[in-house]
Amino acid sequence: MSLAEETYLGIDIGGTKTNIGLVDAKGTVLTQKKTATSIKSGPQWAEENIQSIIEDTKEVVATLSDNQQIRSIGIGVPGTVNWDLGKVVFAPNLHWRNIPIRDIFASVFGVPVFVGQDTQAAAWGEFLYGAGQGLQDIACITIGTGIGCGLVISGHLYRGHFGTAGEIGHTVVEKEGLPCNCGRNGCMEVYASGTAILNRFKVAVEAGQKTSILEHRQLDELTTFDIFAGAEAHDLLAQEIIGSAVEYLSMALTNLINLFGPEAVILSGGIGEQRALYVEPLIQRTYARIYSILVDKIKITPAKLGANAPLIGAAMLFRDAPHQGNKGKGDLSC
Ligand SMILES: [Zn+2]
């Protein structure tokens, strides 16, 4: 009789979608299920929403064959996490504060559970099995509704003393700039994220700027992808706003590269799939800005694992716990 095949369960809880899957030791996703994250939005519904993720996770677990066994569960969350306590400190888009998610899942599934920030999980996935394979020092940027970053330094995730390292979306690029969800002004993600591109397009149209996109669509129905489609069809306003987003992110990437000096910067997330209009110009602009002697050395490259990066990385968080960075004890409970 052969030994049970070890399998790792990853849960990537996003602001709108949750991706749950079984991953083998080589990083291959064996089964997965995607669902809507929040049935109801608001802090009072946190418990109910977590219960629904537990039910979906049970369905994925039920697909295990007799010779497969779950070794651990890893959960990626869009917010600040206390890894030592397995607690979500603050996830603004989910309205979660101080949720002891590790203990909740461990009591239901009876296996070890590790909780990390989704962007850090994505970086770990790309480091192990994606564009960061074989490297030691990487920054993995997730560009989607917001913009986040996971840092791997000397083969270990770097979380910062309070677990907040990598908040590149909230680095300031405009003095007294646009307001951000974080409560501050001028943050990079309000100029460069998918949400920012859509919002800035709407503001420009409302201010009277012309666009061909609205010949077939209503302004309030537009999505970020309509703006990209418009830019592809040579709409000048869409091209200008995407070009401006690229400029802002390239400034933040330049600062990150000059500060940390990584081997590679990996570009991930939904907007990271927009190669011709966003990723390629971003790579060119960043090479044109970084400290000149780094230009021929550093690799700035698209991610390889696509939308599964945080799921795969999260699944391996417990297995790789000794590499999960400094044991910062800064307690951010709020
Ligand atoms: Zn901010």
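Overview of the structure. (Residues numbered from 1 in each chain as written. Predicted model: local features only at pLDDT ≥ 70, side-chain atom pairs only at ≥ 80, totals over all residues. Heavy atoms only, no water.)

### A word on the packing of aromatic side chains
Scanning the model with the defined rule gives 5 aromatic pairs in all. Look at F228 and Y278: their rings are 6.3 Å apart centre to centre, the planes differ by 50°, and that puts the pair in the tilted class. Highlighted residues: F228 in helix 6 (residues 224–232) and Y278 in helix 8 (residues 275–289), separated in sequence by 50 residues. A residue is classified by how much of its surface remains accessible, and Y278, at 0% relative accessible area, is buried. (Phe/Tyr/Trp six-rings, centres within 6.5 Å; stacked < 30°, edge-to-face > 60°. Helix = DSSP H or I, 4+ residues; strand = E, 2+ residues; numbered from the N terminus. Buried < 20%, exposed > 50% of the residue type's maximum accessible area, 1.4 Å probe, protein only.)

### Let's talk about the coordination of the zinc ion
Surrounding the zinc ion are the protein donor atoms H170 (ND1), C180 (SG), C182 (SG) and C187 (SG), at 2.0 to 2.4 Å. Here the zinc ion is ringed by 4 donor atoms whose angles at the metal span 105 to 118°, and the overall shape comes out tetrahedral. Mapping the donors of the zinc ion onto the primary sequence yields the spacing H-x9-C-x1-C-x4-C. With relative accessibility at 38%, the residue C182 sits in the partly exposed group. (Donors = N, O, S within 2.8 Å, 3.2 Å for Na, K, Ca; no water. Tetrahedral: all angles 85-135°; square planar, octahedral: opposite > 155°, others 65-115°.)

### Some remarks on the nonpolar core
I11, I73, I75, V77, W96, I101 and F105 are the most contacted members of the largest nonpolar core, which has 53 residues in total. Here this core gets 7 residues from one element, more than from any other, and that element is helix 3 (residues 118–129). Per-domain counts for this core show at least three residues from each of domain 1 (5–124 + 309–323) and domain 2 (136–304). If we ignore the near neighbours within four places in the chain, the residues touching W96 are I13, A46, I50, I53, V77, V88, V89, F90, A91 and I101. (Core = buried A, V, L, I, M, F, W, Y, C linked by side-chain atoms within 4.5 Å. Domains from an automatic or database assignment. Contact = heavy atoms within 4.5 Å.)

### Notes on the sheet that holds strand 3 (residues 29–36)
Consider a sheet: its strands pair through backbone hydrogen bonds, and that pairing is either parallel or antiparallel. Spatially, the 5 strands line up as an open sheet ordered 3-2-1-4-8, and their pairing is mixed. Two strands lie at the open edges of the sheet, namely strand 3 and strand 8 (113–117), each paired on one side alone. Pairs of neighbouring strands in the sheet enclose a mean axial angle of 20°, with direction left out of account. Where strand 2 (residues 17–24) and strand 3 come together, 7 bridges link them in antiparallel fashion. The partner of K17 across the bridge, within strand 3, is A36. Sheet contacts for helix 2 (residues 101–109): strand 1 (5–13), strand 4 (68–77) and strand 8; angle to strand 8, the most-contacted strand, approximately 145°. The strands touched by helix 3 within the sheet are strand 1, strand 4 and strand 8, with strand 8 carrying the most contacts at an inclination of about 105°. (Pairing = 2+ DSSP bridges. Axes fitted to C-alpha atoms, helices over the stretch in contact; angles between N-to-C directions.)

### Comments concerning a nonpolar patch on the surface
On the surface, a cluster of nonpolar side chains totalling about 380 Å² of accessible area is made up of I153, Y158, L259 and F260. Topologically, L259 is positioned in helix 7 (residues 236–260). (Patch = residues over 30% accessible without salt bridge, like charges linked within 9 Å, V, L, I, M, F, W, Y side chains within 5 Å. Areas by Shrake-Rupley, 256 points an atom, 1.4 Å probe, with all protein chains shown as cover. Salt bridge = Lys/Arg side-chain N within 4 Å of Asp/Glu carboxyl O.)

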